[in-house]
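This is what each chain is made of:
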Amino acid sequence: MSAGKTAPDAIGEATARLLLEAGAVQVSRGQPFVLAAGWASPVYVDCRLLIGQPSWRQTATALAAAAIAQRLAPGRIEAIAGAETAGIAFAAWLADRLELPLRYVRKRPLGIGHNAQVEGGPVDGLEVLLMDDLTTDAASKVAFARGLRAAGATVTQVLTIFYHQVFPGAAERLAQDGLTLHALAGWDDVLRADRGEWLAAEDRREIERFLADPIAWSTRHGGRSAPGARQPVRRESS
Ligand SMILES: O=P(O)(O)OC[C@H]1O[C@H](OP(=O)(O)OP(=O)(O)O)[C@H](O)[C@@H]1O
Ligand SMILES: O=C(O)c1cc(=O)[nH]c(=O)[nH]1
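Residues numbered from 1 in each chain as written. Chains lettered and ligands numbered in written order. Predicted model: local features only at pLDDT ≥ 70, side-chain atom pairs only at ≥ 80, totals over all residues. Heavy atoms only, no water.

Turning next to the overall build of the protein chain. Along its length, the protein chain carries nine helices and ten strands. Here the C-alpha coordinates of the protein chain stretch approximately 50 × 40 × 30 Å along the principal axes. Split into buried and exposed, the 238 residues of the protein chain put 48% on the buried side. When contacts within the protein chain are restricted to residue pairs at least 6 apart in sequence, those whose partners lie at least 24 apart make up 68%. (Helix = DSSP H or I, 4+ residues; strand = E, 2+ residues; numbered from the N terminus. Buried < 20%, exposed > 50% of the residue type's maximum accessible area, 1.4 Å probe, protein only. Contact = heavy atoms within 4.5 Å.)

Below is the structure:
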């Protein structure tokens, strides 16, 4: 697996339920969300909400630790690096639980002081797991991994809580850069776990329409229309 999700499993189900319970799966019936890479979307998965409650963050950390134990050989990972911004808190709790060194990686070097992109200590010669909250089209995962590699780390494994699974180029981008993504949950898990409990029927239908063809949905709603067609855009305010 170089991108994504294994078959339905207990980790996917528990993570999906956690995201739904936390209200992290947010549907806009009005103006679409604009994602970091410029895609317009009717749905935004705000994993940052899990940071707020002790029980939610403890569950997220336990699920991340279980995924690592299930999918990676013991002792393989020598340090965890959190991706700026949302990945840092999750990485810190995971590193604590696994008793591993913690680093964080900036979106870009700071430009002052040491001009470092990687903070918290050296990564030279270490096999580092990159941890972030979420993967959309994986462009930022590749950039973070390159930053860590430039500082001397070996980076092949990426862990995120959620993976959108549907955006073009994600799997290819990860494979090209030698990265294996382990996602705790994806849309399959969320739609399976919902069982009509959390998502309103109309919101669920809109998510399904979007997932059936996210590029067409984005194009129709004024977002990016094709891979590479437009630079990332951000709203001034939401
Ligand atoms: O490009 P991808 O690898 O698919 O990942 C998408 C990224 O977009 C968001 O970050 P964003 O920079 O918007 O927010 P943050 O600073 O809160 O992490 C999200 O948190 C992911 O890190
Ligand atoms: O790609 C993004 O910017 C993005 C998508 C999403 O669902 N949630 C999020 O926090 N960021």
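What follows continues from the structure just given.
Ordered in space as 7-6-5-8-9-10, the six strands form an open sheet in which the pairing is mixed. One side of each edge strand has no neighbouring strand; the edge strands of this open sheet are strand 7 (118-119) and strand 10 (180-186). As paired elements, strand 9 (residues 154-163) and strand 10 share six bridges and run parallel to each other. Following the sheet pairing, Val-158 is matched in strand 10 by Leu-181. Docked against the sheet, helix 4 (residues 86-98) engages strand 5 (79-83), strand 6 (102-105), strand 8 (127-135) and strand 9, running at close to 160 degrees with respect to strand 5. (Pairing = 2+ DSSP bridges. Axes fitted to C-alpha atoms, helices over the stretch in contact; angles between N-to-C directions.)

This paragraph deals with the site of ligand 2. The immediate surroundings of ligand 2 are formed by Leu-35, Ala-36, Tyr-44, Val-45, Arg-48, Leu-134, Thr-136 and His-164. Within the backbone of Ala-36, an N or O atom sits 2.8 Å from an oxygen atom of ligand 2. Here an oxygen atom of ligand 2 sits 3.0 Å away from a polar atom, N or O, in the side chain of Arg-48. Considering ligand 2 on its own, with 290 Å² of exposed area, one finds that the protein chains cover 91% of that surface. Across the shell around ligand 2, the residue classes break down as five nonpolar, two polar and one charged. (Near = heavy atom within 4 Å. Polar contact = N/O pair within 3.5 Å; in protein donor to acceptor, adjacent residues only side chain to side chain. Areas by Shrake-Rupley, 256 points an atom, 1.4 Å probe, with all protein chains shown as cover. Nonpolar A, V, L, I, M, F, W, Y, C, P; charged D, E, K, R; others polar.)

Now for the pattern of salt bridges. The tally for this structure, following the rule as stated, stands at 19 salt bridges. One salt bridge connects Arg-192 with Asp-189, and the closest N-O pair in it is separated by 3.5 Å. Of this pair, Arg-192 and Asp-189 both sit in helix 7 (residues 187-194), separated by three residues, roughly a single helical turn. In this structure, a network of salt bridges that share partners links the residues Glu-13, Arg-17, Arg-195 and Glu-197. (Salt bridge = Lys/Arg side-chain N within 4 Å of Asp/Glu carboxyl O.)

Below, the discussion takes up the UniProt feature "binding site: 5-phospho-alpha-D-ribose 1-diphosphate" (unreviewed entry) in the protein chain. Here the UniProt-annotated "binding site: 5-phospho-alpha-D-ribose 1-diphosphate" (unreviewed entry) positions come out as Arg-106, Lys-107, Asp-132, Asp-133, Leu-134, Thr-135, Thr-136, Asp-137, Ala-138, Ala-139 and Ser-140. In this structure, Asp-132 sits in strand 8. For Asp-132, a relative accessible area of 5% corresponds to the buried category. Those residues in contact with Asp-132 that sit more than four places away from it in its chain are Ala-83, Ala-86, Gly-87, Ser-140, Lys-141, Phe-144, Leu-159, Thr-160 and Ile-161. (UniProt positions renumbered as here; feature names shortened; annotations may be inferred.)

For the rest of this paragraph, the subject is the pairing of strand 8. Among the nine residues in strand 8, nine count as buried, and that is most of the element. As judged from the four bridges shared by strand 5 and strand 8, these two strands associate in the parallel manner. Of the residues in strand 8, the one forming a bridge with Ala-81 is Leu-130. A crossover links strand 8 with its parallel partner strand 9, the connecting element being helix 5 (residues 139-150), and its sense is right-handed. (Right-handed = clockwise from strand over helix to strand, strands pointing away.)

In terms of nonpolar packing, the biggest core is built from 48 residues, with Leu-19, Val-25, Leu-50, Leu-94, Leu-159, Phe-162 and Trp-187 touching the most fellow members. The element that contributes the greatest number of residues to this core is helix 3 (residues 54-71), accounting for seven residues. Apart from the residues within four sequence positions on either side, Leu-50 is in contact with Leu-18, Leu-19, Ala-22, Trp-56, Arg-57, Ala-60, Phe-90 and Ile-161. Counting residues in hydrophobic clusters, the runner-up holds 22 residues, among them Val-105, Leu-130, Val-155 and Ala-170. (Core = buried A, V, L, I, M, F, W, Y, C linked by side-chain atoms within 4.5 Å.)

Moving on, we get to the side chain of Thr-136. By the secondary structure assignment, Thr-136 is in the loop between strand 8 and helix 5. By relative accessible area, Thr-136 is classed as buried at 16%. When neighbours within four sequence positions are excluded, Thr-136 is seen to be in contact with Leu-35, Trp-39, Tyr-163, His-164, Phe-167 and Ala-170.

Turning our attention to the site of ligand 1. Neighbouring residues of ligand 1: 17 residues in total, closest Lys-107, Asp-132, Asp-133, Thr-136 and Ala-138. A distance of 2.7 Å separates an oxygen atom of ligand 1 from a polar backbone atom of Ala-138. Ser-140 places a polar side-chain atom, nitrogen or oxygen, 2.8 Å from an oxygen atom of ligand 1. Notes on ligand 1: free accessible area 500 Å², of which the protein chains cover 86%. Put simply, the parts of the chain that give the shell around ligand 1 at least two residues each are strand 8 and helix 5. In terms of residue count, strand 8 provides more of the shell around ligand 1 than any other element does, four residues in total. Classifying every residue of the shell around ligand 1 by side-chain character gives five nonpolar, four polar and eight charged.

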